[in-house]
Amino acid sequence: MADSNFPLPPDDYCSLCVEALRDPVTIPCGDTYCLECIKIYWDQFDHMGVYSCPQCRATFTPRPMLRRNLPDLKHEPLRQEARKELTPFPYMHRESFCDFCIGRRKKAIKSCLMCLASYCETHVKPHYESSTFKRHKLVDETGHLDRKICPQHEKGLEVFCRSDQMCICVLCTVREHRGHNVTSAEEERIEKQKVLVVTQSEVQHIIQERMKELQELKHNVDVLKSGAQRAQAESDKTFHEMLQAVERWKAEIHQMIMANIQAAMSQAEGYVDRLQKEILELQRRDAELRQILETEDNIHFLQNFPTLCIPPEAMVPKVLINPQFSFGEICKMATEMKEHLDVICKKEMRTMSKTVSETPVYILLPRNGNERLKVPSRVVFQEPQSRTDFLKYSCKMSFNPNTVYKELVLSDGNQRVTRKKTVQFYPDHPERFEGFCQVLCKEPLTGFRFYWEAEWSGEFSIGVAYKSISRKGKNSHSLLGYNDKSWIILCSDSGYSAWHNKVERDLPEAPKATRIGVYLDYAGNTVAYYSISKTMELIHRFKAQFNEPLYAGFGVGSSVTLCQLRQNPTPEDLL
């Protein structure tokens, strides 16, 4: 049962149709009506653009959205909480009606602080036309007339006490607020209006920041979604290739078993054939011996004895199955292969699961309410400090065969590219560079952090580029570093130079190295280049506003090899 000190409108009846609620909805002031009833009631106010509650007269602009009540709102604690959430702002205008209208009351437009009454457009006219009311104080009707009257002296509030920060009447200045710092309401409004203007400016600034955050969040969510889809596609492809490899291994083992059994059967057939021939020969010899033994002719017996008394020679060696050979060994090896694969997968899954579970997708930053003008738009993450830190972001890459220039040759599983003097016959492809000795990697880089290294010989350029970079012709649109779609450093025996959109950056002297590391912080809009030797030294860092997925790109003078990196390096990897 509801607390009698806080009566609620009936849960089962609509005050408009006085019947049981049908599709009940709660409007922002907390009152509940049938969905159809309140829609029909508010339809008649569409021409005014102001909508009110039929019971408490609270007004709303624009027309509120109607939401059906949830069934559990009939439970008292939940219903109280729901109504608490729907309570209008304290400054929401509550519509007042004329105190002098008979029958259907019109909306009040003015209130008199002397009469303590509200008037519509018709009934307020005497206050303007009659000298009797010339001392009366008329104010715009904004609701809550009682709040404009001094509760102690029942006089209109006209002045402001700065000492107590409250509106008071004239009598208060000579009694309760005697000797206080008092000023007129108009002067105080001017001062406080300045504060509100500043506050409004701050609110507008925060709105702009929040809109910017909203756009960035939506963009990052899209990036996250596309990253998940890409990861799903890549993992599906990888496992498909693994299944194909397993099928190949299965076929090879099957072929091995069949080849061995066929060879064994062929050998066995040879042995069987020879044994059968030997048995036939022995049976013939046995017949001759039987015949000579049964003869009564002594001379014949003695003449054939020399040839028949010689023991027969074995034609076929004795054949036994080698106990050390067994097809069970093949089964054992297949089982070991499966167990090794299972161990590797379990280990990698544990590492992957740990990494994913310990890395939050979102980072929530509390906002400092005291710094309303300084609202951070993004989290600033610390950049990696050591090569071990960089290797945590290492990613596996491979050259895209569809992009290689006609004088380049791929090898080592598309991990190495070499320039040849002879033209290679590659099929036509829209992604192939036609004018310069360049190549891109296959893997799109977007949203997060990535790190890779490459070893080079001859003059060499390394960097990142959008997929939309031109591939046709021999002009700046397709040359890495000479357009607004690529960021590269050029490496040669004489040193390094940085290029973007035809602009060359003079770089400070950096250690010469045949291995270059690239660190891309896509969300942070930076790409940095490092020389890798016994130490790791920064060569250059670009700041940009990335708006497309990036791809690792290379200009090849002699050869380039992508280095195989591990996220959890051994000491040897760091040498």
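Conventions and cut-offs
- Residues numbered from 1 in each chain as written.
- Predicted model: local features only at pLDDT ≥ 70, side-chain atom pairs only at ≥ 80, totals over all residues.
- Heavy atoms only, no water.
- Helix = DSSP H or I, 4+ residues; strand = E, 2+ residues; numbered from the N terminus.
- Contact = heavy atoms within 4.5 Å.
- Pairing = 2+ DSSP bridges.
- Axes fitted to C-alpha atoms, helices over the stretch in contact; angles between N-to-C directions.
- Parallel < 35°, antiparallel > 145°, perpendicular 65-115°, else oblique.
- Left-handed = near helix turned anticlockwise from the far one by under 90°.
- Nonpolar A, V, L, I, M, F, W, Y, C, P; charged D, E, K, R; others polar.
- Core = buried A, V, L, I, M, F, W, Y, C linked by side-chain atoms within 4.5 Å.
- Buried < 20%, exposed > 50% of the residue type's maximum accessible area, 1.4 Å probe, protein only.

All right, on to the environment of Cys-37 then. Along the chain, Cys-37 turns up in helix α1 (residues 35-43). Considering only alpha carbons, one finds Cys-37 and Val-25, 12 residues apart in sequence, at a separation of 10.0 Å. In this structure Cys-37 touches Cys-14, Leu-16, Cys-17 and Arg-22, once residues within four positions along its chain are discounted.

Spatially, 7 strands are ordered β11-β12-β23-β14-β19-β20-β21 in an open sheet, and the strand pairing comes out antiparallel. With one partner strand each, in any of the chains shown, β11 (408-411) and β21 (536-543) form the two edges of the open sheet. This sheet shows a mean twist of 20° between the axes of neighbouring strands, independent of strand direction. Taken together, the 7 bridges between strand β20 (residues 526-532) and β21 define a ladder with antiparallel strand orientation. For Tyr-530, the partnering residue across the bridge sits in β21 and is Leu-538.

Taken N-terminus to C-terminus, the directions of helix α5 (residues 185-294) and helix α7 (residues 328-358) make an angle of 165°; their axes are 11 Å apart at the nearest point. Between α5 and α7, the angle falls in the class roughly antiparallel. The handedness of the crossing between α5 and α7 is right-handed. For the pair α5 and α7, contact is made by Met-242, Trp-249, Ile-253, Met-256 and Ile-257 and by Ile-330, Ala-334, Met-337, Leu-341 and Cys-345, respectively. For the contact of α5 with α7, the residue count by class is 10 nonpolar, no polar and no charged.

This brings us to the nonpolar core. Grouped together as the largest cluster of nonpolar side chains are 43 residues, with contacts concentrated most on Trp-452, Ile-462, Trp-487 and Phe-554. With sequence-adjacent residues up to four places away left out, Trp-487 is seen in contact with Ile-462, Gly-463, Val-464, Tyr-466, Trp-499, His-500, Val-527, Tyr-529, Phe-542, Ala-544, Phe-546 and Leu-550. Counting 17 residues, the second largest nonpolar core, distinct from the first, contains Leu-21, Ile-27, Cys-37 and Cys-53.

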